[in-house]
Amino acid sequence: MIPLVKPSITSKEIAYVEDAIRNGWGAQCYDYIFKFQRQFQDYIGSPYALATSSCTGALHLALASLDIKRGDEVLVPEISWIASAGAVVQTGATPVFVDVLPDSWCIDPSKAEKAITERTKAIMPVHLYGNLAEMDEIEDLAKRHKLHIIEDAAEALGSEYKGEKVGSIGNFGAFSFHGTKTATTGEGGMLVTRNGDLNRMAGILNDNGRIPEEKRPFFQHYTGFKYKISNLQAAMGCAQMDRIEELVSRKREIFALYQRRLGDVSYVSMNPEQEGSRNSYWMPTVIFGEQIQIDRDLLMEKLKEYGIITRPFFYPLSMLPMFENQPSNEVAWSLHTRGLNLPSFFEMTEDQVEEVCDTLLKLIP
Ligand SMILES: *Cc1c(COP(=O)(O)O)cnc(C)c1O
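Residues numbered from 1 in each chain as written. Predicted model: local features only at pLDDT ≥ 70, side-chain atom pairs only at ≥ 80, totals over all residues. Heavy atoms only, no water.

**Some remarks on the overall build of the protein**
Looking only at helices and strands, the protein has 12 helices and 13 strands in total. Its C-alpha atoms give the protein a radius of gyration of 21 Å, within 12% of the compact-globule value 21 Å for 365 residues. A total of 365 residues make up the protein; the buried ones form 57% of that total. Accessible surface, the protein: about 16,000 Å² in total, of which carbon and sulfur atoms supply 52%. Looking at charge distribution, the protein has the averaged site of its 37 positive side-chain charges lying 5 Å from that of its 49 negative ones. (Helix = DSSP H or I, 4+ residues; strand = E, 2+ residues; numbered from the N terminus. Rg over C-alpha atoms; globule rule 2.2 N^0.38 Å. Buried < 20%, exposed > 50% of the residue type's maximum accessible area, 1.4 Å probe, protein only. Areas by Shrake-Rupley, 256 points an atom, 1.4 Å probe, with all protein chains shown as cover. Lys, Arg positive; Asp, Glu negative; His and termini not counted. Charge placed at Lys NZ, Arg CZ, Asp CG, Glu CD.)

Written out as structure tokens, the structure is:
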């Protein structure tokens, strides 16, 4: 059996979590959380990082800290995991779905600009499967239209856009440590910003609205939320951050192995890496060209019979029953039936990559 993803757990993760569970109480109860945040700041190159219980929570905190609320609109790519849009809906604002680019599958900046109205307050680029959203164009349109940028970098820990780590570029960046992601704490997230005031507001809202200067216990100044990570999870996060270079490198090595076998197949395209950028390839993805007829779901079933677990490309978000269908987002609506995520995990061997490629090519007519 070749799973889609699997975390890499070494004796380091186990030792840190054991230390946290034995000693991380009382005065030490935040030690691993603070350490995890510092390590993350250093890695991303951002002065502030707030560890959270999930990326979904981090996105909600980011939007709330920017005072995004009912009546506002936020531009979200038509292709993403539901959490990107869900966090917007949680604030009462409306997600406006924008089509994606055909090569990177990330938000199309020129179509985003056309979707701007007087209610638009923010844009949320998603660095899909490790791919890079067009941040120069997005920053440019955000400046001209006075929009906030919230990067959903859940799938792109370690990706770099023109020398900068993604997530550190917008007003806020959010990351996930869910068990499927490149680095994991089981469940967990991180919210980063370069702005001290925004970081302070996110921290207050994440502490149920308590401001740090308030001397009276139980006297909150806001109604907030609580998306905190536990010290136990943060301990695991510290070990994963100690190993982050090797975790990201292995993703890149596995992608290179896939590319060697599949890169020249005329009817297949894979995750791109724009010039001057570095893709962390969270999920090696193949898109089958429109010139061949492939029943993607049947292909997945057959691969499973060979013990190979794959995952379908995301649905266009506007296709989900909570939203109004927007088939005019035609790139996204065309991609979703033709895309497949392939297995990649730290311990995956070259032989296993070969097996996936051989089986895939055998099953395609
Ligand atoms: C995984 C993911 C999230 C949510 O992460 P959680 O930590 O599970 O809340 C958000 N956005 C994208 C694009 C993701 O892939």
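Having seen it, we continue.
**Re the site of the ligand**
Of all residues adjacent to the ligand, which total 15 residues, the nearest are Thr56, Asp152, Glu155, Ser176 and Lys181. Take Thr56: an N or O atom from its side chain is 2.5 Å from an oxygen atom of the ligand. Starting from 380 Å² of accessible surface for the ligand in isolation, the protein chains cover 93%. Of all the elements in the fold, those that place two or more residues in the shell around the ligand are helix H3 (55-65) and helix H4 (83-90). (Near = heavy atom within 4 Å. Polar contact = N/O pair within 3.5 Å; in protein donor to acceptor, adjacent residues only side chain to side chain.)

**Here we look at the packing of aromatic side chains**
The full count for this structure, using the stated rule, is 14 aromatic pairs. When the centroid spacing of 5.5 Å and the interplanar angle of 65 degrees are considered together, the rings of Tyr129 and Phe313 count as edge-to-face. Separated by 184 residues along the polypeptide, Tyr129 in the loop between strand E4 (120-123) and helix H6 (135-145) and Phe313 in the loop between strand E12 (311-312) and helix H11 (330-335) bring together distant segments of the chain. By relative accessible area, which is 2% here, Phe313 ends up buried. An aromatic cluster is built from Trp81, Trp105, Tyr129, Trp282, Phe313 and Phe314, whose rings are joined through pairwise contacts. Between Lys165 and the ring centre of Tyr43, over which it is positioned, the NZ or CZ distance is 4.3 Å. (Phe/Tyr/Trp six-rings, centres within 6.5 Å; stacked < 30°, edge-to-face > 60°. Lys NZ or Arg CZ within 6 Å of the ring centre and 35° of its normal.)

**Considerations on unusual backbone geometry**
Backbone geometry at Asp67 places phi at a positive 60 degrees, although glycine is not the residue there. Here Asp67 shows up in the loop between H3 and strand E2 (73-77). Backbone geometry places Lys146, a non-glycine residue, at a positive phi of 55 degrees. With respect to the helices, strands and loops of the structure, Lys146 is situated in the loop between H6 and strand E5 (148-152).

**Concerning the nonpolar core**
Judged by nonpolar contacts, the single largest core of 63 residues is most densely connected at Phe36, Phe40, Leu128, Leu157 and Met190. Considering each element in turn, this core owes the most residues, six residues, to helix H2 (residues 31-44). Ignoring any residue separated from it by four or fewer positions in sequence, one finds Phe40 in contact with Ala49, Leu157, Phe175, Phe177, Met190, Val192 and Met241. (Core = buried A, V, L, I, M, F, W, Y, C linked by side-chain atoms within 4.5 Å. Contact = heavy atoms within 4.5 Å.)

**As for the pairing of E2**
Counting buried positions over the five residues of E2 gives five, a clear majority of the element. Both faces of E2 are covered, namely the face carrying Glu73, Leu75 and Pro77 and the face carrying Val74 and Val76. In the sheet, E2 pairs with strand E3 (residues 94-98) via five bridges, with the strands oriented parallel. Bridge pairing in E3 places Val74 opposite Pro95. Once the chain exits E2 it traverses H4 before rejoining the sheet at E3, and the crossover so formed is right-handed. In this structure, E2 lies alongside E4, joined through three bridges in parallel fashion. Looking at E4, one finds that Glu73 is bridged to Thr120. (Pairing = 2+ DSSP bridges. Right-handed = clockwise from strand over helix to strand, strands pointing away.)

**Some remarks on the sheet that holds E4**
On the basis of which strands lie adjacent, the open sheet formed by seven strands has the order E1-E9-E8-E5-E4-E2-E3 and mixed pairing. A strand with exactly one partner marks an edge of an open sheet, and here the two such strands are strand E1 (48-52) and E3. For this sheet the average axis-to-axis angle between neighbouring strands, irrespective of direction, equals 25 degrees. Its contacts with the sheet place H3 against E1, E2, E5, strand E8 (172-176) and strand E9 (189-193), and it is angled at close to 165 degrees to E8. (Axes fitted to C-alpha atoms, helices over the stretch in contact; angles between N-to-C directions.)

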